[in-house]
Amino acid sequence: MFAAVPFIAVAENQSDEDVALDTLVVTATMEAKKIEDVPGFSTIVTKEDIAKSFVSSVADLLRETAGLNNFSDETGRDEIQIRGLGGEYTVFLVNGKRVESGGAFDKGSDTDLNSVPLNSIERIEVIRGSMSVLYGADAIGGVVNVITKKPQEGEGWTGSVNTEARIIESGEGGNQYRLGVSGMGAITDKLSMTVSAENFKQDAWYADDGDISPLREEKETQNLASTLTWQAAENQEVDIDFGYNHDDRPYQAFSDTAYREQESTRFDLAVTHNGQWDWADTTAYIKREESDVYDYNSQYDDPKAHDGLEVNNTYAKAYANKTIGMHQLLAGVDYTSEEITNSYVYSSGGYSADQYAIFAQDELALIENLALTLGGRLDNHDVYGSNFSPKAYLVYNATDTLTLKGGVTKAFKAPEASYLAEDYSVISCGGNCYLSGNPDLEAEESISYEFGFDFHSPGLSASGSIFRNDIDNLIEREIGYDSSGTADSAEWVNVAQAMTQGLELSGSVSLTDDLMLKGNYTYLETEATDSDGESTVLTGRPEHQASLSFDYQATEMLSTFITVNYIAGMQYSEWVSGTGTVYNELPSYYRTDIGIIADITDDLVIRAGVKNIGDVRLDEEDTGYTTYELSRNFYASAVYNF
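Note that the structure is predicted; figures quoted are calculated from it, not measured.

1. Considerations on the overall build of the protein chain
Turning to step 1, where the next piece is worked out: Across its full length, the protein chain holds five helices and 39 strands.
Turning to step 2, where the next piece is worked out: For a compact globule of 642 residues, the expected C-alpha radius of gyration is about 26 Å, and the protein chain comes in at 24 Å, within 12% of that figure.
Turning to step 3, where the next piece is worked out: Overall size of the protein chain, expressed as C-alpha extent along the three principal axes, is 75 × 55 × 45 Å.
Turning to step 4, where the next piece is worked out: Within the protein chain, the fraction of its 642 residues that count as buried is 50%.
Turning to step 5, where the next piece is worked out: Taking the contacts inside the protein chain whose residues are at least 6 apart along the sequence as the reference set, 61% of them involve residues at least 24 apart.
Turning to step 6, where the next piece is worked out: Side chains of the protein chain carry 42 positive and 107 negative charges; the gap between the two charge centres is 3 Å.

Okay, structure coming up:
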């Protein structure tokens, strides 16, 4: 069988005393390396973590990890923020390939984060900090790579059926239901296949009976993920991936007179070749995404219904790894093509952009325990020409259990299509103005720094890092107000400078053979300085974020957990007549979840629990909150493996 394993979770190192498990990470270097040795700080969400959790999406699953915040907007749509940087600075991957199809929606969408069947996920690798050299400039905040399950050699055909339900205690509606099925196994000696499908439905949740606008919109999604693997030769493997996502948001009210409907259908097809040769190990793929979108908004001018919208993206990447003496070399090429068809908001009928890049990275073993990683990426953009993004990173294995590391990365990021196109115009300001593209926007440039440690020993692991991101020409939407405080103008502008910096801590310890304590803490500072030299904070980002969890294996059959999450220091802005924009700090809060997992038989697992036991309601805490927490809710699920 083919020996190269592009995505693997752990490797066993046998000793006379015990078996130690080394967590391996692929995303940070495009090859499997121990988590402490990669040039970056990582979080791994395992399939065991996923099995314990009850979540609505990938973003919901990641909200309790260090350095990450899932900022759900006033309609419940997700946005992953890493180290205080918004979703447009995070690259979302599935098996190392980009997923990005929300560009046709005039108001944006979180369809990408809801397009992966949860029952298909083997693990999720999160790389915090700039990964622009390998994945492009929009990876300034970091990378989220969802790695799906693959058949294991010699196991035959296996599969599972899972069903879930969540009931919300207060308010009106909000219930969730999920049904999924998956299977994998060998078709012949050379062919194997994995298929996962699910249907997820959530009712709109109104915080109080009689509310016109729900805090979380209604939606229904159908997802399919499949991979056909061909063992072409002893040293070659070919994967053919096919994916389908249908996302329907049938009704979202903004007021008693304004509402929207959105629907998207996406097909993905990708072909990947992995090879092991005498001269190098290689990976090459090409992927095509085709999305059809329907977008209705009662605030549009006629026509209110925007039909026939399309987003067609093509991604291609090829790279090779080779170790030569003290050098671990990586080099490759990258191509991205984005095509948007939308004659309603683009007077020219749409927008297209191509971007090419070459990248290279060299990990030099300077001495036995010290490695220096040097990398660079040269991007060529249709509008902004050629730009170079370099990286330098040191990793020092101080002892067998302690690693010190840190580095600096510089990146360039071109504006999104809708920000830049002069012929783009969409209604904004609650229907009071139009937001248009600004062809005079400058590209964003960033420098990211980080330094910290990783500690791993049997029964105890810990990680800590300090970080700073400096961004020049940050692009923000600038809102203008009339004398009564009503928004009446909007435009995309370059903020002179922006900065996020902070501290991340995470760890786990086995208190007894049956009890494990896990926790993390993130401290974040932000600042934005405009062209007049005025400094403000970036809103919607918590200053303090912490999570603490106790996992207890009560019996061989029954386990339980309790998790406490803490959020504090989030700020919001409001317009005050005669004063201007005023910034205020929102109150802190705790959210506590509890659950049990019962292995009824070798094949049947049942989960149940309560989320938000204290019934925290942000809409009642402060009207300045534009995100939300579901009120106390109860869940149950069952998984049958066959």
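From this point, things continue past the structure.
2. A closer look at the pairing of strand β11 (residues 158–168)
Turning to step 1, where the next piece is worked out: Sheet topology places β11 next to strand β13 (residues 176–186); nine bridges connect them, and they run antiparallel. Across the sheet, Val 161 pairs through a bridge with Val 181, a residue of β13.
Turning to step 2, where the next piece is worked out: Here β11 runs beside strand β39 (residues 633–641); their pairing, made up of nine bridges, is antiparallel. Bridging from a neighbouring strand, Thr 163 pairs with Ala 638 of β39.

3. Notes on empty space enclosed by the protein
Where empty space is left becomes clear once a probe the size of a water molecule has been rolled over the atoms.
Turning to step 1, where the next piece is worked out: Using the criterion set out here, one finds eight cavities of 30 Å³ or more in the structure.
Turning to step 2, where the next piece is worked out: Lining the largest cavity we find 43 residues, and of these Asp 60, Arg 63, Asn 70, Ser 72 and Glu 629 sit closest to its centre.
Turning to step 3, where the next piece is worked out: Every element with two or more residues in the lining of the largest cavity is listed here: β5 (68–70), β31 (515–529), β33 (544–553), β34 (558–568) and β37 (589–599).
Turning to step 4, where the next piece is worked out: In this structure, the second largest cavity spans a volume of roughly 360 Å³.
Turning to step 5, where the next piece is worked out: Val 94, Ala 225, Phe 242, Gly 243 and Asp 268 are the residues nearest the centre of the second largest cavity, which is lined by 26 residues in total.
Turning to step 6, where the next piece is worked out: Only β14 (191–202), β16 (219–233), β17 (236–253) and β18 (259–276) provide two or more residues apiece to the lining of the second largest cavity.

4. Brief notes about the pattern of salt bridges
Turning to step 1, where the next piece is worked out: Scanning all chains against the criterion turns up 40 salt bridges.
Turning to step 2, where the next piece is worked out: In this structure, the salt-bridge partner of Asp 208 is Arg 617, at a minimum N-O distance of 3.6 Å. Within this pair, whereas Asp 208 is found in the loop between β15 (205–206) and β16, its partner Arg 617 is found in the loop between β38 (604–611) and α5 (618–621), the two being separated by 409 residues in sequence.
Turning to step 3, where the next piece is worked out: Residue classification places Asp 208 among the partly exposed residues on the basis of a relative accessible area of 38%.
Turning to step 4, where the next piece is worked out: Here Arg 617 falls in the buried class, since its relative accessible area comes to 5%.
Turning to step 5, where the next piece is worked out: A salt bridge links Arg 249 to Asp 247, with the nearest nitrogen and oxygen atoms 2.5 Å apart.
Turning to step 6, where the next piece is worked out: With relative accessibility at 3%, the residue Arg 249 sits in the buried group.
Turning to step 7, where the next piece is worked out: In this structure Asp 247 comes out as buried when scored by relative accessible area, which is 2%.
Turning to step 8, where the next piece is worked out: One salt-bridge network, held together by shared partners, links Arg 63, Glu 64, Arg 591, Asp 593, Lys 611 and Glu 629.

5. Topic: the sheet that holds strand β7 (residues 90–94)
Turning to step 1, where the next piece is worked out: Pairing within the open sheet is mixed, and its five strands lie in the order β4-β9-β10-β7-β8. Both outer strands of the open sheet, β4 (41–46) and β8 (97–98), are each paired with one neighbouring strand and no more.
Turning to step 2, where the next piece is worked out: Where β7 lies against β8, two bridges are found, and the strand directions are antiparallel. Pairing of Val 94 across the sheet is with Lys 97, part of β8.

6. Overview of a negative patch on the surface
Turning to step 1, where the next piece is worked out: Where like charges cluster on the molecular surface, the negative patch consists of Glu 556, Asp 599, Asp 602 and Asp 603.
Turning to step 2, where the next piece is worked out: Here Asp 603 lies in the loop between β37 and β38.

7. A few points about the nonpolar core
Nonpolar side chains in soluble globular proteins generally cluster together in the buried interior.
Turning to step 1, where the next piece is worked out: The biggest cluster of nonpolar side chains holds 21 residues, and the ones touching the most others in it are Leu 62, Phe 92 and Ile 124.
Turning to step 2, where the next piece is worked out: Of all elements in the fold, only α2 (58–62), β6 (80–82), β7, β9 (121–128) and β10 (142–148) reach the threshold of two or more residues within this core.
Turning to step 3, where the next piece is worked out: In terms of residue count, α2 provides more of this core than any other element does, four residues in total.
Turning to step 4, where the next piece is worked out: When neighbours within four sequence positions are excluded, Leu 62 is seen to be in contact with Val 45, Leu 68, Ile 80, Ile 124, Val 126 and Val 144.
Turning to step 5, where the next piece is worked out: Counting residues in each nonpolar core, the second largest holds 20 residues, with Tyr 346, Tyr 419, Leu 420 and Tyr 424 among its members.

8. A few points about the confidence of the model for the protein chain
Turning to step 1, where the next piece is worked out: Of all residues in the protein chain, 94% attain a pLDDT of 70 or more, and the chain-wide mean is 88.
Turning to step 2, where the next piece is worked out: For the stretch residues 1–20, pLDDT sits under 50, and the model shows 43 contacts to residues farther than four places along the chain or on other chains.

9. A word on the side chain of Thr 500
Turning to step 1, where the next piece is worked out: Mapped onto the elements of the fold, Thr 500 is located in strand β30 (residues 487–510).
Turning to step 2, where the next piece is worked out: A polar side-chain atom of Thr 500 sits 3.0 Å from the main-chain carbonyl oxygen of Arg 83.
Turning to step 3, where the next piece is worked out: When neighbours within four sequence positions are excluded, Thr 500 is seen to be in contact with Arg 83, Gly 84, Leu 85, Phe 467, Arg 468, Asn 469, Leu 524, Glu 525, Thr 526 and Leu 538.

10. Here's the deal with the environment of Thr 627
Turning to step 1, where the next piece is worked out: Among the secondary structure elements, Thr 627 is positioned in the loop between α5 and β39.
Turning to step 2, where the next piece is worked out: Accessibility expressed as a relative area gives 12% for Thr 627, which makes it buried.
Turning to step 3, where the next piece is worked out: Between the alpha carbons of Thr 627 and Arg 77 there is a distance of 9.2 Å; along the sequence they are 550 residues apart.
Turning to step 4, where the next piece is worked out: If we ignore the near neighbours within four places in the chain, the residues touching Thr 627 are Phe 71, Ser 72, Asp 73 and Leu 618.

11. Observations concerning the packing of aromatic side chains
Turning to step 1, where the next piece is worked out: What the rule picks out here adds up to 13 aromatic pairs.
Turning to step 2, where the next piece is worked out: On the basis of an interplanar angle of 35° and a centroid distance of 6.3 Å, the ring pair of Phe 242 and Phe 267 is categorised as tilted. Of this pair, Phe 242 sits in strand β17 while Phe 267 sits in strand β18, placing them 25 residues apart in sequence.
Turning to step 3, where the next piece is worked out: Residue Phe 242 is classed as partly exposed on the basis of its relative accessible area, which comes to 35%.
Turning to step 4, where the next piece is worked out: Judged by relative accessible area, Phe 267 falls into the partly exposed class, the value being 39%.
Turning to step 5, where the next piece is worked out: Here the aromatic rings of Tyr 251 and Tyr 259 are separated by 5.1 Å at their centres, their planes lie at 35°, and the arrangement is tilted.
Turning to step 6, where the next piece is worked out: Its relative accessible area of 37% is what places Tyr 251 among the partly exposed residues.
Turning to step 7, where the next piece is worked out: Taken together, the ring pairs connect Phe 242, Tyr 244 and Phe 267 into an aromatic cluster.
Turning to step 8, where the next piece is worked out: A cation over a ring is seen here: Lys 97 above Tyr 285, with NZ or CZ 5.3 Å from the ring centre.
Turning to step 9, where the next piece is worked out: Cation over ring: Lys 405 sits above Phe 41, and NZ or CZ is 5.1 Å from the ring centre.

12. Brief notes about a nonpolar patch on the surface
Turning to step 1, where the next piece is worked out: Together, Leu 511, Leu 548, Phe 550, Ile 562, Val 564, Tyr 590, Ile 594 and Ile 613 line one region of the surface with nonpolar side chains, adding up to about 630 Å² of accessible area.
Turning to step 2, where the next piece is worked out: Broken down by secondary-structure element, the contributors of at least two residues to the nonpolar patch are β33, β34 and β37.

Conventions used here
- Residues numbered from 1 in each chain as written.
- Predicted model: local features only at pLDDT ≥ 70, side-chain atom pairs only at ≥ 80, totals over all residues.
- Heavy atoms only, no water.
- Helix = DSSP H or I, 4+ residues; strand = E, 2+ residues; numbered from the N terminus.
- Rg over C-alpha atoms; globule rule 2.2 N^0.38 Å.
- Buried < 20%, exposed > 50% of the residue type's maximum accessible area, 1.4 Å probe, protein only.
- Contact = heavy atoms within 4.5 Å.
- Lys, Arg positive; Asp, Glu negative; His and termini not counted.
- Charge placed at Lys NZ, Arg CZ, Asp CG, Glu CD.
- Pairing = 2+ DSSP bridges.
- 1 Å grid on protein atoms, 1.4 Å probe; cavity = no way out; pocket = protein on both sides within 12 Å on 5 of 7 lines; lining within 4 Å.
- Points joined across faces, edges and corners; volume = space filled by probe spheres on them.
- Salt bridge = Lys/Arg side-chain N within 4 Å of Asp/Glu carboxyl O.
- Patch = residues over 30% accessible without salt bridge, like charges linked within 9 Å, V, L, I, M, F, W, Y side chains within 5 Å.
- Areas by Shrake-Rupley, 256 points an atom, 1.4 Å probe, with all protein chains shown as cover.
- Core = buried A, V, L, I, M, F, W, Y, C linked by side-chain atoms within 4.5 Å.
- pLDDT = per-residue confidence, 0-100.
- Polar contact = N/O pair within 3.5 Å; in protein donor to acceptor, adjacent residues only side chain to side chain.
- Phe/Tyr/Trp six-rings, centres within 6.5 Å; stacked < 30°, edge-to-face > 60°.
- Lys NZ or Arg CZ within 6 Å of the ring centre and 35° of its normal.

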